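Below are the chains, spelled out letter by letter.
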Amino acid sequence: MTRDEITAVLFEEIGNVAPEVDLRSVPDGADLRDALDIDSIGFLNLMIALDARLGIAVPEADYPRLRTIRGAVEYLCGRGTAA
Amino acid sequence: MGVFRMPSLGADMEAGKLVEWLKRAGDAIAAGDVIAVVETQKGAIEVEAFESGIVESHLVAVGQTVPVGTPLAMIRGEGTAAAPAAGPAAVPVPQIAPSPAAPPLSGAPQPPAFRASPAARRFAAEHAIELTGMRGSGPDGAIVFVDVEQALQGRRDAAPAAPPRPPPTAAGPPATGMAAMRQAIAAAMERSKREIPHYYVAHAADVTAAFDALAAFNATRAPRDRVLFGAALLGAVARALARFPEFNGFHRGGAFEPAPRIHVGMAIALRGGGLVAPAIHDADKLALPDLMRAMHDLADRVRAGRFRSSEIADPTITLTSLGERGVDAVLGVIYPPQVAIVGAGTPALRPWVVDGAVVARRLCRLTLAADHRVSDGHRGALFLAEVARLAENPELP
């Protein structure tokens, strides 16, 4: 899966958790939980969706690396293209 | 023959709009089946049947807004013969007019949409107080003397500034969306602060070991099988109640009614504002992974705007938890007629004394707001200490 495809899935699934937010207005270095007001169940839903869509089960220990859009894209591409 | 009525889904609900029938005439239903979807101030709610039988006929069409208590459908008991065809037509259906100018509940002959004690009716008649639409604090929402007395007091309070005004939601069609939810929260919280003498106790729980245990449990599991600390908190509240029944139940009609089962209301903030606190049923009976699944399912359905009537109507206590991005503590406001609310702040690393040395530990500040008519601070403190002990030691399989 290419970087663009992974990014598209990530954006789509963030959109499912925070439907009313325009992701283009969120700086890619902003903390997603603050920028999108995602709580722990919302974040868990995002992790479940990424597991289902990309086959990437993010361990809790790696959650801090997915706190921003930029970090999440880097992390998922690192895992997704290596797989 | 049973009658399926517009349920009261909270002390502040006066009417609901039928938006969907999920069972048609002739369909067999079992107690607990979802029969219809009703739009209320709290959003769309799936309404469940209380008894088994066959749906005989619908009495209210999709799109109609009717007061609480209005018959929605006739339910024929199993093995009972079908009713004569005249049945449905014999039940007049009061409908709230869509026009804001029309007084909704007067005019056409209709059965009273309320239950009231004789003393309340007499007192209301003496003072020309309209009982229709009033919410009662008696059994099953029945209007009792004190409710009418309060209505009269409210009218007197308002009198110097303005002429007597009808109850806000009786003046027009029920508001919908955020404005309606704000009204519902306002009504419940005003009533709470007016009627319930709250007392508060607080305690810091050292949840370091609990977080470690959850991290170890989750490390080997797929995201959908992971357990969040919030489930451990809710389980702790539910289990602690076994020895402290005076915090689980309702204060109604001047007396406390302990609840036989433990349905913990879980305060869920909605995206865009507002909140609801539907129940996790029999939360004390669920193992932690099952409790997590139930909470996750409920949170998802609430945010999608679909939950069940029993969930919204019957929490016996509430837990409000700030989650991972909040502040140290939250002091709750009791949701009437409940008698207690437990608050949990955001767990955070703080200096703490363990074995005589100051160390960094993860602390979660717990609070209890409870109804002083029902319990005292001594018991409240013991209850909260038990909640903390259980939250510090979650039972994981």
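These numbers were taken from a predicted model, which means no experiment stands behind them.

Which residues make up the overall build of chain A, and what values do they have?
Looking only at helices and strands, one finds four helices and zero strands in chain A. Counting helices and strands in the order they occur from the N terminus, chain A gives α-α-α-α. Of all 83 residues assigned to chain A, the portion counted as buried reaches 48%. Pairs at least 24 residues apart make up 55% of the contacts formed inside chain A by residues separated by at least 6 positions. Accessible surface computed for chain A: about 4,100 Å², of which carbon and sulfur atoms make up 51%.

Let's hear about the overall build of chain B: which residues, and what values?
When helices and strands are tallied, chain B shows eight helices and 20 strands. A burial count over chain B gives 46% of its 397 residues as buried. Considering only contacts within chain B whose residues lie at least 6 apart along the sequence, 64% involve residues at least 24 apart. Split by element, the accessible area of chain B, about 18,200 Å² in all, is 57% carbon and sulfur.

I'd love a proper account of the packing of helix α5 (residues 229-240) of chain B against helix α8 (residues 377-392) of chain B, names of residues and values included.
When two helices pack together, their arrangement is given by the angle between the helix axes and by the axis-to-axis distance. Residues and elements named next belong to chain B. Closest axis-to-axis distance for the α5/α8 pair is 8 Å, and the angle between their directions is 140°. Classified by the interaxial angle, the pair formed by α5 and α8 is oblique. Remark: the crossing between α5 and α8 carries right-handed chirality. Contact residues: Phe-229, Leu-233, Ala-236, Val-237, Arg-239 and Ala-240 in α5; Phe-383, Glu-386, Val-387, Leu-390 and Ala-391 in α8. When grouped by side-chain class, the residues that make up the contact of α5 with α8 number nine nonpolar, no polar and two charged.

Describe the sheet that holds strand β6 (residues 53-58) of chain B, with residues and values.
All names here are of chain B. Strand order across the open sheet formed by four strands is β1-β8-β6-β3, with antiparallel pairing between neighbours. This sheet does not close on itself; its edge strands, each paired only once, are β1 (2-5) and β3 (28-29). As defined by bridge partners, β1 adjoins strand β8 (residues 71-76) across four bridges and the pair is classed as antiparallel. Residue Phe-4 lies in a different strand from β8, and its bridge partner there is Ala-73.

Before we move on, could you go through the pairing of β8(B) and cite the residues and values that matter?
Residues and elements named next belong to chain B. When you tally the buried positions in β8, you get six out of six residues, the bulk of the element. Here β6 runs beside β8; their pairing, made up of four bridges, is antiparallel. The residue of β8 that forms the bridge with Val-55 is Ile-75.

Describe the interface of chain A and chain B, listing the residues and the values that go with them.
The partner chain B presents 18 residues to the 24 residues of chain A that form the contact. Here chain A packs against chain B, burying approximately 1,700 Å² in sum over the two surfaces, 49% of which is carbon and sulfur. Three residues, Ile41(A), Leu44(A) and Glu60(A), lead the burial of chain A against chain B; their summed loss comes to 34% of the area buried on that side. For the pair chain A and chain B, the number of links is five salt bridges. One salt bridge in this structure joins Asp39(A) and Arg303(B), with 2.7 Å as the shortest N-O distance. Residue assignment for the side of chain A that touches chain B shows that the elements contributing at least two residues are α2 (32-35) and α3 (40-54) of chain A. Taken together, the residues of the side of chain A that touches chain B sort by class into 14 nonpolar, three polar and seven charged.

Go over the nonpolar core, please, and point to the residues and values.
Burial of nonpolar side chains together is a common tendency in soluble globular proteins. Residues and elements named next belong to chain B. One finds Phe-247 and Phe-383 to be the most contacted residues of the largest nonpolar core, which totals 104 residues. Considering each element in turn, this core owes the most residues, nine residues, to α5. Split by domain, this core shows at least three residues from each of two domains, domain 1 (2-90) and domain 3 (185-392).

So, α3(A): which residues are in play, and what are the values?
All names here are of chain A. Over its 15 residues, α3 runs 21 Å from end to end, which matches the ideal 21 Å to within 8%, given 1.5 Å per residue. For α3, the set of buried residues is Ile-41, Gly-42, Phe-43, Leu-44, Leu-46, Met-47, Ala-49, Leu-50, Asp-51 and Leu-54. By the N-cap criterion, in which a side-chain oxygen at the helix start approaches the backbone nitrogen of a residue two or three places on, α3 is capped by Asp-39, the distance to Ile-41 being 3.2 Å.

Describe the pattern of salt bridges, listing the residues and the values that go with them.
Summed over the entire model, instances satisfying the criterion amount to 25 salt bridges over all chains. Linking Glu56(B) and Arg76(B) is a salt bridge whose minimum nitrogen-to-oxygen distance equals 2.6 Å. Of this pair, Glu56(B) sits in strand β6 while Arg76(B) sits in strand β8, and the two are 20 residues apart along the sequence. Overlapping salt bridges, with partners in common, bring together Glu12(A), Glu13(A) and Arg53(A) in one network.

Any details on the packing of aromatic side chains? Residues and values, ideally.
All chains considered together, the criterion is met by five aromatic pairs over all chains. Note on Phe247(B) and Phe383(B): the rings are 4.7 Å apart at their centroids and 10° apart in plane angle, and the pair reads as stacked. Of this pair, Phe247(B) sits in the loop between α5 and β10 (249-252) while Phe383(B) sits in helix α8, placing them 136 residues apart in sequence. Phe383(B) carries the same exposure label as Phe247(B), and that label is buried. Members of the aromatic cluster, each reached through a chain of ring pairs, are Phe244(B), Phe247(B) and Phe383(B). Geometry around Phe43(A) places Arg67(A) over its ring, the cationic atom sitting 4.9 Å from the centre.

Go over the confidence of the model for chain A, please, and point to the residues and values.
Residues of chain A with pLDDT of at least 70 account for 96%, and the chain-wide mean is 89. Within chain A, no element has a lower average pLDDT than α2(A), which sits at 85, and none a higher one than α3(A), at 94.

Could you give an account of the side chain of Thr320(B), with specific residues and numbers?
Tracing the backbone shows Thr320(B) in strand β17 (residues 317-321). Contacts of Thr320(B), omitting those with residues within four sequence positions, involve Ala267(B), Val330(B), Ile341(B), Val342(B), Gly343(B) and Ala344(B).

Rules of the game
- Within each chain, residue numbers correspond to sequence positions counted from 1 in written order.
- In the order they appear in the text, chains get letters beginning with A and ligands get numbers beginning with 1.
- Reporting in this predicted model follows two pLDDT cut-offs: at least 70 for local features of residues, and 80 or more for side-chain atom pairs to be given and counted; totals over whole chains, interfaces and linings ignore these cut-offs and use all residues.
- Working from all heavy atoms in the structure, the side-chain values ignore hydrogens and water.
- For helices the rule is a DSSP run of H or I covering at least 4 residues; for strands it is a run of E covering at least 2, with both sets numbered from the N terminus onward.
- Classification of residues uses two cut-offs on accessible area relative to the type maximum, computed with a 1.4 Å probe and protein chains only: under 20% is buried, over 50% is exposed, and between them is partly exposed.
- The contact criterion used throughout is that any non-hydrogen atoms of two residues lie within 4.5 Å.
- What sets the accessible areas is the Shrake-Rupley method with a 1.4 Å probe; for residues, cover comes only from the shown protein chains.
- Under this scheme, a helix contributes an axis fitted over its contacting stretch, all axes are lines through C-alpha atoms, and angles between N-to-C directions fall in the 0 to 180 degree range.
- For classification purposes, an angle smaller than 35 degrees is called roughly parallel, one larger than 145 roughly antiparallel, one from 65 to 115 roughly perpendicular, and anything else oblique.
- Helix crossings get a hand from a simple test, with the near helix turned counterclockwise from the far one by less than a right angle marking a left-handed crossing and a clockwise turn marking a right-handed one.
- The nonpolar class holds Ala, Val, Leu, Ile, Met, Phe, Trp, Tyr, Cys and Pro. Asp, Glu, Lys and Arg form the charged class, and all remaining residues, Gly among them, are polar.
- Pairing between two strands is assigned when DSSP locates at least 2 bridges connecting them.
- Note on terms: buried area is the combined drop in 1.4 Å-probe accessible area of two parts once they are placed together, counting the loss on both.
- When a carboxyl oxygen of Asp or Glu is within 4 Å of a side-chain nitrogen of Lys or Arg, the pair counts as a salt bridge.
- Side-chain atoms within 4.5 Å are what join buried Ala, Val, Leu, Ile, Met, Phe, Trp, Tyr and Cys residues into a set we call a nonpolar core.
- The source of the domain bounds is an automatic or database domain assignment.
- Each residue after the first adds 1.5 Å to the expected span of a helix.
- As used in this structure description, the phrase polar contact means that two N or O atoms lie within 3.5 Å; if the pair is within protein, one of them must be able to donate a hydrogen and the other to accept it, and residues adjacent in sequence are counted only when both atoms belong to side chains.
- Any pair of Phe, Tyr and Trp rings, taking the six-membered ring for Trp, is counted once the centres come within 6.5 Å. Such a pair is stacked with planes under 30 degrees apart, edge-to-face with planes over 60 apart, and tilted for the rest.
- The rule for a charge over a ring is simple: NZ of Lys or CZ of Arg within 6 Å of the ring centre, and within 35 degrees of the ring normal.
- On a scale of 0 to 100, pLDDT captures the predictor's confidence in every residue.

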